[in-house]
Amino acid sequence: MSRFCVYLGSRTGNNPVFMAAAQALGRELALRGHGLVYGGARIGLMGALADAVLEHGGEVIGVMPHHLVEREQAHTGLPTLIRVNNMHERKASMAAHADAFIALPGGIGTLEELFEVWTWQYLDLHDKPIGVLDTASFYTPLLSFLDNTVEHGFLAARTRANLLAAAEPAALVDALESRLATTEA
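Heads up: these notes are all about the structure in this document.

Rules used throughout
Residues numbered from 1 in each chain as written. Predicted model: local features only at pLDDT ≥ 70, side-chain atom pairs only at ≥ 80, totals over all residues. Heavy atoms only, no water. Salt bridge = Lys/Arg side-chain N within 4 Å of Asp/Glu carboxyl O. Buried < 20%, exposed > 50% of the residue type's maximum accessible area, 1.4 Å probe, protein only. Helix = DSSP H or I, 4+ residues; strand = E, 2+ residues; numbered from the N terminus. Pairing = 2+ DSSP bridges. Axes fitted to C-alpha atoms, helices over the stretch in contact; angles between N-to-C directions. Expected span 1.5 Å × (residues − 1). Contact = heavy atoms within 4.5 Å. Parallel < 35°, antiparallel > 145°, perpendicular 65-115°, else oblique. Left-handed = near helix turned anticlockwise from the far one by under 90°. Nonpolar A, V, L, I, M, F, W, Y, C, P; charged D, E, K, R; others polar. Right-handed = clockwise from strand over helix to strand, strands pointing away.

Here we come to the pattern of salt bridges. Under the criterion given, the structure shown has 7 salt bridges. The salt bridge partner of Arg32 is Glu28, with a shortest N-O separation of 2.7 Å. Residue classification places Glu28 among the partly exposed positions, given a relative accessible area of 22%. For Asp174, the salt bridge is made with Arg32, and the minimal N-O distance between the two is 2.7 Å. Highlighted residues: Asp174 in helix 7 (residues 169-184) and Arg32 in the loop between helix 1 (16-31) and strand 2 (35-38), separated in sequence by 142 residues. Residue class for Asp174 comes out partly exposed when judged on its relative accessible area of 41%. Residue class for Arg32 comes out partly exposed when judged on its relative accessible area of 27%. Here the residues in one salt-bridge network are Glu28, Arg32, Asp174 and Glu177, joined through shared partners.

The next point concerns the sheet that holds strand 3 (residues 60-65). Spatial ordering of the open sheet is given by 4-3-2-1-5-6-7, a layout of 7 strands whose pairing is parallel. Each edge of the open sheet carries a strand with a single partner, namely strand 4 (80-84) and strand 7 (163-166). Ignoring strand direction, the axes of neighbouring strands in this sheet form an average angle of 25°. With 3 bridges joining them, strand 5 (residues 100-103) and strand 6 (residues 130-133) adopt parallel strand pairing. By the bridge assignment for strand 6, Ile102 is matched with Gly131.

Another point: helix 2 (residues 44-55). Residues lying three or four places apart along an α-helix face the same way, a consequence of the helix completing one turn every 3.6 residues. Taking 1.5 Å per residue, 12 residues should reach 16 Å; helix 2 reaches 17 Å between its end C-alpha atoms and fits that length. Burial analysis of helix 2 places 9 of its 12 residues in the buried class, the great majority of the element. All buried positions along helix 2 are accounted for by Gly44, Leu45, Met46, Gly47, Ala48, Leu49, Ala50, Ala52 and Val53. As for helix 2, its buried residues are in contact with strand 1 (3-7), helix 1, strand 2, strand 3 and helix 3 (87-96). Just downstream of helix 2, Gly57 is the residue with a positive phi angle, here 80°.

The next point concerns the packing of helix 1 against helix 2. It is the contact of helix 1 with helix 2, at a shortest axis distance of 7 Å, that shows an interaxial angle of 30°. Accordingly, the angle class assigned to the pair helix 1 and helix 2 is roughly parallel. Helix-helix and strand crossings are classified by hand; for helix 1 and helix 2 the assignment is right-handed. Residues Phe18, Met19, Ala22, Gln23, Leu25, Gly26, Arg27 and Ala30 of helix 1 form the contact with helix 2, whose participating residues are Gly44, Leu45, Ala48, Leu49, Ala52 and Val53. Classifying every residue of the contact of helix 1 with helix 2 gives 10 nonpolar, 3 polar and 1 charged.

Okay, the pairing of strand 1 next. Consecutive side chains along a regular strand alternate between the two faces of the sheet. Counting buried positions over the 5 residues of strand 1 gives 4, a clear majority of the element. Each parallel crossover has a hand, and the one from strand 1 via helix 1 to strand 2 is right-handed. Bridge count for strand 1 against strand 5 is 4 bridges, and the pairing is parallel. Bridging from a neighbouring strand, Val6 pairs with Ile102 of strand 5.

In structure tokens, the structure reads:
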């Protein structure tokens with residue numbers, strides 16, 4: 001079983017398709033036998049994703065710093081909630097438990113986590129696949145910006161190609177599974 005670390009909002013956003021995509025991804029991961037590693041909250045897209053994985057019999061590991069247990073409203077229904085001292089430990093623990101990474105719509109925390117794990121990949125600290133779920137074209141402007149950084153010579157085309165993207169959960173999981181198969185071979 002592979003574990004997918006998912007970064008996503010502790011808010012729901014203003015479009016119901018974001019919630020539906022989080023739930024669909026959770027269902028997809030569980031039905032394919034993949035586990036979930038995420039930030040441990042019971043609210044927003046985070047809670048919806050975890051609940052969907054659990055509802056379909058999947059494994060869920062939440063990771064949350066002590067200082068956020070109340071603020072982010074820790075999910076009390078998780079089989080495993082790892083409590084850590086700070087955000088650095090949270091990200092390191094999530095990455096250590098993961099075989100692949102996905103970013104769903106979210107705010108600055110989601111973007112920071114995505115870019116950090118992608119940077120770690122660039123620096124050869126891991127070789128785990130990374131993708132974004134481009135629900136309702138949420139990530140399309142960012143992906144265009146990243147293409148622009150390649151055009152201007154600030155990002156290698158190979159590095160840009162390592163960030164996968166798909167509009168539908170099944171397609172993104174397919175792409176990440178394909179990359180996992182090549183890195184495990």
